[in-house]
Amino acid sequence: MEAEKDIKCGFCHLGVEAEPVCSKLHHDNKNTSAHHRCMQYSADLVQYKFTSFGGFKIDKVEKEIRRGKRLKCSICKTDKSRQGKWLGATSGCAISNCSKTFHYYCAKLDSVAITKRMEVRYLKENSTIVMYR
């Protein structure tokens with residue numbers, strides 16, 4: 001098995017050093033690793049009530065990691081220190097006509113992005129929209 005410091009999240013490409021931001025780094029006995037928050041904020045993943053791998057189905061996490069290999073992070077894609085690690089950005093913007101994608105880690109550290117559940121109420125339309133997961 002890989003040394004703990006060598007295990008990297010399939011989404012943000014960071015290891016245990018990112019746990020204060022991204023929460024626990026889950027790792028199976030094969031090659032799948034992901035931080036808890038990276039999975040929670042990933043657009044196509046659903047969290048279940050079981051405890052293994054943080055409540056996420058490993059096959060679905062692997063599928064989402066593969067999908068993320070085509071998605072660049074709108075925040076870190078210009079950061080030369082993250083070169084080659086821009087991909088894996090499966091957290092999408094909550095504004096429906098925005099196509100930006102992010103790593104949870106980058107969005108959490110960014111001063112503009114909101115990474116909390118936020119409800120916006122439209123009084124005239126009497127509706128509620130969840131703006132960020």
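Everything in this summary refers to the structure shown in the same document. (Residues numbered from 1 in each chain as written. Predicted model: local features only at pLDDT ≥ 70, side-chain atom pairs only at ≥ 80, totals over all residues. Heavy atoms only, no water.)

Attention now goes to helix 3 (residues 58-68). If you check which residues of helix 3 are buried, you get Val61, Glu64, Ile65 and Gly68. All buried residues of helix 3 project into a common sector of 105° when viewed along the axis, lining one side. Looking at the buried residues of helix 3, the elements they touch are strand 2 (33-35) and helix 2 (36-40). (Buried < 20%, exposed > 50% of the residue type's maximum accessible area, 1.4 Å probe, protein only. Helix = DSSP H or I, 4+ residues; strand = E, 2+ residues; numbered from the N terminus. Arc of directions from axis to C-beta. Contact = heavy atoms within 4.5 Å.)

Our focus in this paragraph is the pattern of salt bridges. If you walk through the whole model with that rule in mind, you get 2 salt bridges. Here Arg67 makes a salt bridge to Asp44, at a shortest N to O gap of 3.2 Å. One end of the pair, Arg67, is in helix 3; the other, Asp44, is in the loop between helix 2 and helix 3, with 23 residues separating them in the sequence. Accessibility expressed as a relative area gives 51% for Asp44, which makes it exposed. When the shortest N-O distance is used, the salt bridge between Glu64 and Arg67 registers 2.8 Å. You can see Glu64 and its partner Arg67 sitting in helix 3, 3 residues apart, about one turn around the helix. Connected through salt bridges with shared partners, the residues Asp44, Glu64 and Arg67 form a single ionic network. (Salt bridge = Lys/Arg side-chain N within 4 Å of Asp/Glu carboxyl O.)

Core analysis: the largest hydrophobic core is formed by 18 residues, its most contacted members being Cys9, Phe11, Cys38, Met39 and Val61. Of all elements in the fold, only helix 2 and helix 3 reach the threshold of two or more residues within this core. Counting 7 residues, the second-largest nonpolar core is a separate cluster that includes Cys73, Ala89, Phe102 and Ala107. (Core = buried A, V, L, I, M, F, W, Y, C linked by side-chain atoms within 4.5 Å.)

Next up on the list: the packing of aromatic side chains. Per the stated rule, a full pass over the model turns up 2 aromatic pairs. Judged by centre distance (4.7 Å) and plane angle (35°), the rings of Tyr41 and Tyr104 are tilted. Residue Tyr41 is located in the loop between helix 2 and helix 3, and its partner Tyr104 is located in helix 4 (residues 104-109); the two are separated by 63 residues in the primary sequence. The residues Tyr41 and Tyr104 share a single accessibility class, namely buried. Both rings, one in Tyr48 and one in Phe50, keep their centres 5.8 Å apart while their planes meet at 10°; by these two values the pair is stacked. (Phe/Tyr/Trp six-rings, centres within 6.5 Å; stacked < 30°, edge-to-face > 60°.)

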